[in-house]
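Spelled out, the chains give:
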Amino acid sequence: MTRRGSVPDAAIRLEQQYLDGLYARVEELREETEAALAATNRAGADGADGPRGLVDRDAQASRLSERRANLDRAEHGLCFGRLDRRDGSATYIGRMGLRDADLNPLLVDWRAPVASDFYTATAASGTDVQRRRHIRTQGRTVVGVNDELLDLDRAPDNDLVGEGALMEALTAHRTGRMGEIVATLQGEQDEVIRADADGILVVQGGPGTGKTAVALHRAAYLLYTYPRIAEQGVLVVGPSPVFLAYIEQVLPSLGETQVVLATPDTLLPGTAVTRAESPDAARVKGDITMAGVLGSAVRARQEMPDGVDVTFAGDVLRVAGPVLVDAAERARRTGLAHNPARRVFAEGLWSHLTELVRDRDRQLLEDTEKGFEKELRSADAAIARQADQLPSAVEGGGTEVTGTAGEHEVTHVRRELEQDPIVAAVVDGLWPALTPEGLLEDLFGQVADRPELAPDLSAADRRALARASGAGWSAADVPLLDEAAELLGVDDTLADARLDARRREELRYAQRVLAASGVQGVSAEDLAQRFAERDSRSLAERASADRTWAYGHLIVDEAQELSPMQWRMLLRRVPSGSLTVVGDVHQTAAAAGTTSWDTLVAAHPRRRWRRVDLSVSYRTPQAVLDAAAPVLRALDPQAPAPVAAREGGEAPWRVASTPGTVTADVVDLARTEVAALDGGHLAVIAPAGRVTELGGALAAALGGTGVSFGVDPDLTAEVVVLTPEQAKGLEFDGVLVADVEEVASGPRGLGALYVAMTRPTTRLGMIHLGPVPDVLADLPLRSPAPGPDPTP
Ligand SMILES: Nc1ncnc2c1ncn2[C@@H]1O[C@H](COP(=O)(O)OP(=O)(O)OP(=O)(O)O)[C@@H](O)[C@H]1O
């Protein structure tokens, strides 16, 4: 059993001493690093080692700078735990590993295997851990310790690990930015974080069960544990830019930078989303049927006519239909995408045309021979007739002319065909070079009137796809553009030509550098290669600029919102198939999102899936979860409700307002809530159509700088006005949900309402505009105008 108790000041003094020792070691390492950095910079400055030395120096300097940045992180929460084992040994756990000059461990990184006991050991788990101590620090000062003794034989009161430190973390005011939770991770969370990297791990959990926190800590763990993943980087996909702003500090604070954060609609470099989509169009575009529609659209561009006439060197050459079909088949059989396969098709055509030209030339030659021999024969006959009149000078039976096109002539013809603009135009017509944008523009422009382009879609669905050319792209278009980019591929001949040109340029530059520096012993080719390898962009920058970057691991948050087409796009980003997918199928609000993980698993049967469920909600107190329970039941009567880590809490309430007074009522209620939250953050969650009016009224009433709303709201503002979509994944001290009826309208409205109601850590108020909605019937009614400001 676990016994929690107060700890004497002596323990604080003891831990302070140990912490002082750790910081002394940090200072030593810092000095060593600074000295090494200065020496590296000095060594390169005189250029004595030549260009190769310069390149190596840069690499060394960047490694040392990284080490220095890592040591800088030591200022916050360097050491937060201690494990005492039965053999009398103690292990200190912290945010980084430290060793003394003799390489003895002083501090163990929280991700190291030996640190796992700190999060998972219980009296029942049979470990040799006797005591777990949470050490709370402010800067370099120990401000408290909480002990748990694990060797008693009483039954546990609950499963929470380090309850004191945990409760302190959970009840602290929110800042508008998510923080790391390494000091208070719980056992079930630790298991998810350290789970094997292979295959797809689905983490299902109700609101506030720590899915996002766990997913981000798992990214840090995987980067630390698997060099392959660190080399390729981790992609973290979240639902909105607001959400990414909310979580962006977590991984850097854990010392990890090999991470790209993205929303699904930013995964196609060079494509900007400028258009909103109707829910109907979003649903159709997200459906898996679109993969087939796009595949057929590309295939249709490879259909061959019955034959084609090619004018070359003044002659018309007829290429028969079966020859074209055969060339197209060969191109497809290579398995290449459409654009690279175009070269194979063109080669088939060029070969055939070369044959035709050779046949034509041979025919010409034969005709010429025949004509010439005829001429010669008649000349011979004439000569014979006159033979007796001539001296016997001409002997023999006539003259023979022979000859075929030589190899060099064939090569010449072939080259001419490859370069002939008329032939190129014919190839283009038969197997056109296509862009993803062009393919989609054509499809959307024609599909409404041409059922054969999408035989599996209803007429209404085809109409939903129709749009004017040049109308810009929506978030739902991005996976389609990505699918098209995959089907079309890039014509390597163009890419190779560009690469060759760049290599030549790099070689010229290297030659100039060598000539100017007078350095011997390094070839220009070698130096150019080193320049090419020295891409000064960070891994994250290189990865996010490259559509085909193969990430080592993919983390998908709020994964229930993704459409099947978005899944296809994401899975392409991780050829290794190593994914962590976190979400809650009861919070689905997107039209094309999923409400069952089974559907997702069934759609990708060849992948290895595992599922873990998280059950404890760390965000909301039980009172808020109880208020949201009827909504969860309406969504899915079978759904297990999460259990709150914190019992009780402020009772949520409702206010009956009207369409005419709702803005004024929200302003009054917000004023009261801001006072009650005493420095905490309040979110007003409202339908998109009300955000601007509410935001403006609140800014006017409460003071402009403390209120934020719009496309990119400042989450650190005292009051933030958001749509339910924007509020996804976020949390605030207090929440007011305005116009409940409108939030809950639409096919996935209850999911949106469930999201909105489960954002607060402390206080929740619901404002409805008509008769009380069924799902709020149990909440106590409060007056819209709660009276004068209660603050003193
Ligand atoms: N072990 C922990 N120690 C301290 N805080 C924790 C712990 N686990 C979760 N939290 C906190 O609980 C809150 C909710 O976590 P998180 O946002 O990860 O939940 P979620 O499951 O993603 O929620 P939702 O589905 O509603 O988006 C966060 O403030 C997080 O820091």
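Residues numbered from 1 in each chain as written. Predicted model: local features only at pLDDT ≥ 70, side-chain atom pairs only at ≥ 80, totals over all residues. Heavy atoms only, no water.

**Some words on the site of the ligand**
Selection rule: Throughout this document, a residue counts as near a molecule or strand when at least one of its heavy atoms sits within 4 Å of that molecule or strand. A 3.5 Å cut-off defines polar contacts: any pair of N or O atoms within that distance qualifies, except that in protein one atom must be a possible hydrogen donor and the other a possible acceptor, and neighbouring residues in sequence count only when both atoms are side-chain atoms. Method for areas: the Shrake-Rupley scheme with a 1.4 Å probe, in which residue coverage is limited to the protein chains shown. Going along the chain from the N terminus, every DSSP run of H or I of four or more residues is numbered as a helix, and every run of E of two or more is numbered as a strand. Basically, the charged four are Asp, Glu, Lys and Arg, the nonpolar ten are Ala, Val, Leu, Ile, Met, Phe, Trp, Tyr, Cys and Pro, and anything else, Gly included, counts as polar.
Neighbouring the ligand are 24 residues; Thr184, Lys211, Arg619, Glu731 and Arg759 lie closest to it. Between threonine 184 and the ligand, the recorded distance is 2.7 Å, taken from a side-chain N or O atom to a nitrogen atom. Side-chain polar atom of lysine 211 to an oxygen atom of the ligand: 2.6 Å apart, as the coordinates give it. Starting from 630 Å² of accessible surface for the ligand in isolation, the protein chains cover 97%. Those elements that place two or more of their residues in the shell around the ligand are helix 4 (163-171) and helix 6 (211-225). At three residues, helix 6 tops the list of elements feeding residues into the shell around the ligand. When grouped by side-chain class, the residues that make up the shell around the ligand number eight nonpolar, 10 polar and six charged.

**Focus: unusual backbone geometry**
Operational definition: Note on exposure labels: buried denotes an accessible area under 20% of the residue type's maximum, exposed denotes more than 50%, and partly exposed covers the range between, all computed with a 1.4 Å probe on protein chains only.
Phi at leucine 103 is positive, roughly 70 degrees, even though this residue is not glycine. Inspection of the secondary structure puts leucine 103 in the loop between strand 4 (98-99) and strand 5 (105-109). Assessed through its relative accessible area of 58%, leucine 103 is described here as exposed. Although it is not a glycine, glutamate 558 sits at a positive phi angle of roughly 50 degrees. Note on placement: glutamate 558 falls in the loop between strand 15 (553-556) and helix 22 (564-572). Its relative accessible area of 8% is what places glutamate 558 among the buried residues.

**Section: the packing of helix 24 (residues 622-635) against helix 29 (residues 749-757)**
Just so we agree on the cut-off: Axis lines are fitted to C-alpha atoms, over the contacting stretch for helices. Their N-to-C directions set the angle, which ranges from 0 to 180 degrees. Geometric relationships in this document are graded by angle, where less than 35 degrees denotes roughly parallel, more than 145 denotes roughly antiparallel, 65 to 115 denotes roughly perpendicular, and other angles denote oblique. With the far helix as reference, a near helix turned anticlockwise by less than a right angle produces a left-handed crossing, and one turned clockwise produces a right-handed crossing. Contacts are assigned to residue pairs that have any heavy atoms within 4.5 Å of one another.
Between helix 24 and helix 29, whose axes approach to 10 Å, the crossing angle comes to 170 degrees. It follows that helix 24 is roughly antiparallel to helix 29 by the angle criterion. Here helix 24 runs over helix 29; the crossing is left-handed. Packed against helix 24, whose contacting residues are Val624, Ala627, Ala628, Val631, Leu632, Ala634 and Leu635, the element helix 29 presents Leu750, Gly751, Leu753, Tyr754 and Met757 at the interface. Its residues placed into classes, the contact of helix 24 with helix 29 shows 11 nonpolar, one polar and no charged.

**Things to note about helix 16 (residues 436-446)**
Of the positions making up helix 16, those classed as buried are Pro436, Leu439, Leu440, Glu441, Leu443 and Phe444. Buried-residue contacts for helix 16 involve helix 10 (279-286), helix 11 (289-300), helix 17 (459-465), strand 14 (473-474) and helix 18 (477-488).

**Concerning the pairing of strand 23 (residues 719-722)**
Filter applied, for reference: Paired strands, in this sense, are two strands between which DSSP finds at least two bridges.
Neither face of strand 23 is left uncovered, since the one carrying Val719 and Val721 and the one carrying Val720 and Leu722 both have all their residues buried. Where strand 21 (residues 682-685) and strand 23 come together, four bridges link them in parallel fashion. Counterpart to alanine 683 in the pairing with strand 23 is valine 720.

**Details of the environment of leucine 562**
By the element assignment, leucine 562 lies in the loop between strand 15 and helix 22. According to the relative accessible area criterion, leucine 562 is buried, its value standing at 6%. In sequence terms leucine 562 and leucine 600 are 38 residues apart; their C-alpha atoms lie 10.0 Å from each other. Aside from chain neighbours lying at most four places away, what touches leucine 562 is Pro264, Val556, Trp567, Leu570, Ala592, Gly593 and Thr594.

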